[in-house]
Each structure stands twice: as C-alpha cells, then as structure tokens.
Amino acid sequence: MTNRIKEFKNMVDHLTDVPKKVIDKEKNVTRSSPYRQKYHVESESGTLGDPNGFSYFNGKYHLFYQWSPLAYSIEPHYTQHGWKHLTSDDLVHWQDLGAAIESDTKYDRYGTYSGSAIPENDKLLMIYTGNTWINTETKNNWLRVPYQVTAYMDKDNKVHRGNDPIMEGAISGYTAHFRDPKVWKKNGEYYAILGVQRANLTGTALIIHSKDFKDWNLLGELNTKYDSLGYMWECPDYFELDEKGVLVFCPQGLKSTGNEYQNIYQTCYLLGNKLSLPDTKFSTGDLKELDHGFDLYASQTMSSPDGRRILISWMGLPETSYPTEKFHYSGCMTIPKELRIKNNKLYQIPIKELDTCRVNKQTIRETLKDEVYHRKLRQAANEYDFTIDFKNSNAFIIDLFADEEDQRRFRIILNKKKSEIVLDRSKAGEDISIAYGTTRTLDYAMDNKINVRIYTDTSSVELFINGGEEVFTSRIFPDKSQSNFFLTSIGGTTNITGQTYEMNGQG
Ligand code: FRU
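Residues numbered from 1 in each chain as written. Predicted model: local features only at pLDDT ≥ 70, side-chain atom pairs only at ≥ 80, totals over all residues. Heavy atoms only, no water.

Student: Whenever I open this one, the packing of aromatic side chains confuses me. Can you help?
Tutor: Note on aromatic pairs: each is described by the distance of the centres and the angle between the planes. Taken as a whole, this structure holds 21 aromatic pairs when the rule is applied. Between Tyr35 and Phe327, the aromatic rings sit 6.5 Å apart at their centres with planes inclined by 75°, giving edge-to-face as the arrangement. Here Tyr35 is found in the loop between α2 (20-31) and β1 (46-57), whereas its partner Phe327 is found in the loop between β19 (309-314) and β20 (329-330), with 292 residues between them in sequence. For Phe327, a relative accessible area of 16% corresponds to the buried category. A cation sits over an aromatic face here: Arg36 above Tyr329, 4.5 Å from the ring centre. Looking at Lys123, its charged tip hangs above the ring of Tyr152, at a distance of 4.5 Å from the centre. (Phe/Tyr/Trp six-rings, centres within 6.5 Å; stacked < 30°, edge-to-face > 60°. Helix = DSSP H or I, 4+ residues; strand = E, 2+ residues; numbered from the N terminus. Buried < 20%, exposed > 50% of the residue type's maximum accessible area, 1.4 Å probe, protein only. Lys NZ or Arg CZ within 6 Å of the ring centre and 35° of its normal.)

Student: Hey, could you run me through the confidence of the model for the chain in this one?
Tutor: Caution applies to low-pLDDT parts of the model: their predicted coordinates are not meant to be read in detail. Overall, the predicted model of the chain reaches an average pLDDT of 94, with 96% of residues at or above 70. Scored below 50 in pLDDT, residues 1-7 makes 7 contacts in the model with residues more than four places away or belonging to other chains. (pLDDT = per-residue confidence, 0-100. Contact = heavy atoms within 4.5 Å.)

Student: Please explain α2 as it appears in this structure.
Tutor: Relative to the 16 Å expected for 12 residues at 1.5 Å per residue, α2 spans 16 Å between its end C-alpha atoms, a close match to the ideal helical length. Along α2, the residues classified as buried are Val22, Ile23, Glu26 and Thr30. For α2, the buried positions fall inside an angular range of 100° around the axis, keeping them on one side. Seen from the open side of α2, the exposed residues pointing more than 90 degrees away from its buried face are Lys20, Lys21, Lys25 and Arg31. Considering only its buried residues, α2 is in contact with β20. (Expected span 1.5 Å × (residues − 1). Arc of directions from axis to C-beta.)

Student: Looking at this structure, how should I read the pairing of strand β7 (residues 142-153)?
Tutor: A regular strand places its side chains so that they alternate between the two faces of the sheet. Burial analysis of β7 places 9 of its 12 residues in the buried class, which makes it a mostly covered element. When strand β6 (residues 123-135) meets β7, the two strands line up antiparallel, connected through 12 bridges. Within β7, the position partnered with Thr129 by the bridge is Gln148. Note: β7 against strand β9 (residues 167-168), 2 bridges, orientation antiparallel. Of the residues in β9, the one forming a bridge with Tyr147 is Glu168. (Pairing = 2+ DSSP bridges.)

Put into structure tokens, the structure is as follows:
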C-alpha cells in the first residue's frame, strides 16, 4: 500500500498541468524503441490497455483505450489512468485525439476504468467504471469503491461528464471488483453487462437495464451453466450474431489444464441461444478460449455501419512486463477482426480494410520434399496467406523472424500427424513472461489442406488458421538480424502456394 499512498500524494490531474518537456521526453524515449509497430495502434508513451468505447459515431470509427501516458516517468507522479481517444475512417488508419477522459472527478479519482459507448442521434453515450479508493481508518486501510458512471461525447469529440453515478459501490452479495460495463440496445431499450465478483469470491456478470440511459435497474446475474468459473470476470461483452448470443469475457483464475489456460489470464467465450430477457438466462455450449497465443486480453466488439461485428483486443496481458517498458511504453491493439459464426464456433477474420495496406505482393509456389525454403524479407510489417497441402508429410514448420541460420526464430509447427498446432517463442528474441512457458499448443485435427494467414509487425505475430477458425496472437521482441523466414516440410512432401505482402503502415 505504501506505493499507492505515495502516488496519490503527488498526483497531478491533467496532462495539461504536466510540463511539456516531461511529456516530450517520454515520447522521445518511446520513439527510440526498436519495437515500434508499423500498423498496430500503440501509445506514444506509457501504457495502453483495454480497448474502450469502440463504436461508430458521427461518420467515424472511435476507439478509446485505457491509458496512462506517463506511467514510466519518474517525476511528476502523473498517474492519470484515463481514456485515450482515436478516430478512423477505415479501422486501419487512426488519428490521435489525445485524452478523452481524465480521472478528475470524485467518482473516478483513481482511474477511469473500462467501459463502452453507443451512438444515439448526435451523442455518443458512454458508460464506464470510475475507480476510487477511500482510506477508512488512519492505519492505511484502503478500500476500493467502484462507481458506474454515464457520460456522453458530442459531435465535437468533447466528453461531458457530471452525471450522478448510476451505481455507487458494489451491491450486496458482491465485492468491490465490480466493473467494465458494456452496453447494447435491444428493442429501443439499453442493457449493459458488468463483470463482478460474488461475495464468495467467484466470478460472474450482472445485467442492468434502462429505458432512457438515465434510470437503470438491475435485472440480475447472468444465468449460465457455470456457477463457479474463476474468481472475477473482467471486460464482458455480449452481442448477438446470426440469431445466436455470444459472450466474450475474461474469467480470471482459471486453472491451467493440459494445453488450455496457459497465460496468466485468458479471454474466453460462450456461444449459445440469445440471452433471454428480462430473466437473464443464457444457455450456451462449453467455454472456449478466444485465442491460443501468448498475449491477448480485454476484447471489445462493435457493430459497423455495414452490419459487421468487429472485435479488437489489447495485445498484452495484465501483470506482465514487456521489454518495451525500458522505452517507457507497453501494449498495443490487435488488428480488428470480423466475427462470424460457423459450426457453432466463433470465427475471427482480419477485416477486409487491411487489404488496402498491401504492397509488393510476392507469390510462392513450392513443392518441398523434406526440404527447407528460405527467403529474406525486406521489412518487418508483412502479411502471409498460404495454403499448405500435406501430400505425404507429417508436419510443416513456419519460422518467422528468423536470422540467417534459423537459430533465432518464432516457430509455428503445423503437426498433421499429431493433430496439433504449436507456437514456440523460446528463441524469438527478448524473453517475455517465461514463467508461463515458451510454447503454446492447440489440439487441432488437420485435413490435407490447411490455410494459414499471418500478420506480422515489428514486434507481433497474429496467426489465423482456416479462415479464422483458430487464432493465435503473440508479441515478440526480435533483433534486427531476424528478417528471414523459413518453411520446412517434415517426413515427406508438402506443397505450398500463396502470397506474401508488405504492409503499409499507419497513414
Ligand atoms: C482489465 C482491467 C479492467 C479495468 C481496467 C483498468 O485489464 O483490469 O477490469 O476496468 O483494466 O485499467
């Protein structure tokens, strides 16, 4: 607790109160990083966390995120934890509008935590959790008090707050881990889902309802088949797609079993019948992991003007330190993905707008007989679209970010014989979170043909298997010499056809 109290004492409320030279210094340190991404959203300094308020309003896409721009500066202790604001015409090229919400009211003094937004005429309605701490006793007994707060953004991108909270503290039966409202509209009325912890320290979600976005009432706990699933659910997002109901959420505290739940925290989903309202019954299939890579958390979805359900996530994990911190920043967003439902599974497809960034297409058409194919890449941002045809081979290996000798590399093993896909980050560059292991494995039965799409940037790899049926998202921190890729057929012949592109960065 001592650190927290220290931070509180020196806290500055607004970025505009911080000397420009301090801000510029942070940005310069960050700019000097060799790991800066070319086409993924990242913070110009400090931390980037959960995507918030992901929406389409006033002719533009809006993306906000959990932001602490001076998190790694020493003085002053500007521990602002607010919402950063970006807008875009195409979900690929983003304009940075700076701080949207700073934590300066009594309801969000110690963090404008995660929340969501929904357009309504000339307003973007917002709902989020304000985090506060109160010192109940003289002896440093700090208690968390969360508030659920509403606000709106006008057409000039100005956020208006000042409403009384719609919920003060947690309600009886739940602890202060009570946050992250995600709003949707159905039949002209508003609903929101909140991640909470029950008093018995298990995680769940609550559904609240309002006719006018002002007066809210509690409908109750989301009634799923899981009575006890982890100790807290963060960042729930409920939506309907193709007459189904889907909940994407982060149940914390799942025990690793076999190949599952290997990261410190996971993002999962439940897919089933539409949520029944007002009784909150949600009948679904079994819990599935949304992503099988090393670094993905806190996803949020929105509906695009042409009716697509689009998901974006933080490419990072809580309580995990990344090598970029020495350059005073951490975190980036994933690429946006379009969601579809097929065979009772959620498919995640890179949005089509990304295709406009393609340059320098190169075709690959190779027959590898227990052979290795080697190519040098010209730059770090690339897309690969391969169809791999196992003729009589057992496995196929894709080494990305490889040095000339293929000693250092990020390895993807498509093991048809063992029916598994393995990611190996052990020799990919600077270590990240090795206490949680350096490989990830998914049991996956392969037909003779498998389609693989991969998006790489300077320090990330996003892998999509068979049209987005399975996704693997990972950060990596390679050095400059790791600019090759190798393809290897194991135990027989594999044909590979497809193309690679370079990706034009942020416009
Ligand atoms: C998830 C989370 C949310 C919270 C936010 C605070 O990463 O812990 O539950 O609202 O981050 O930044």
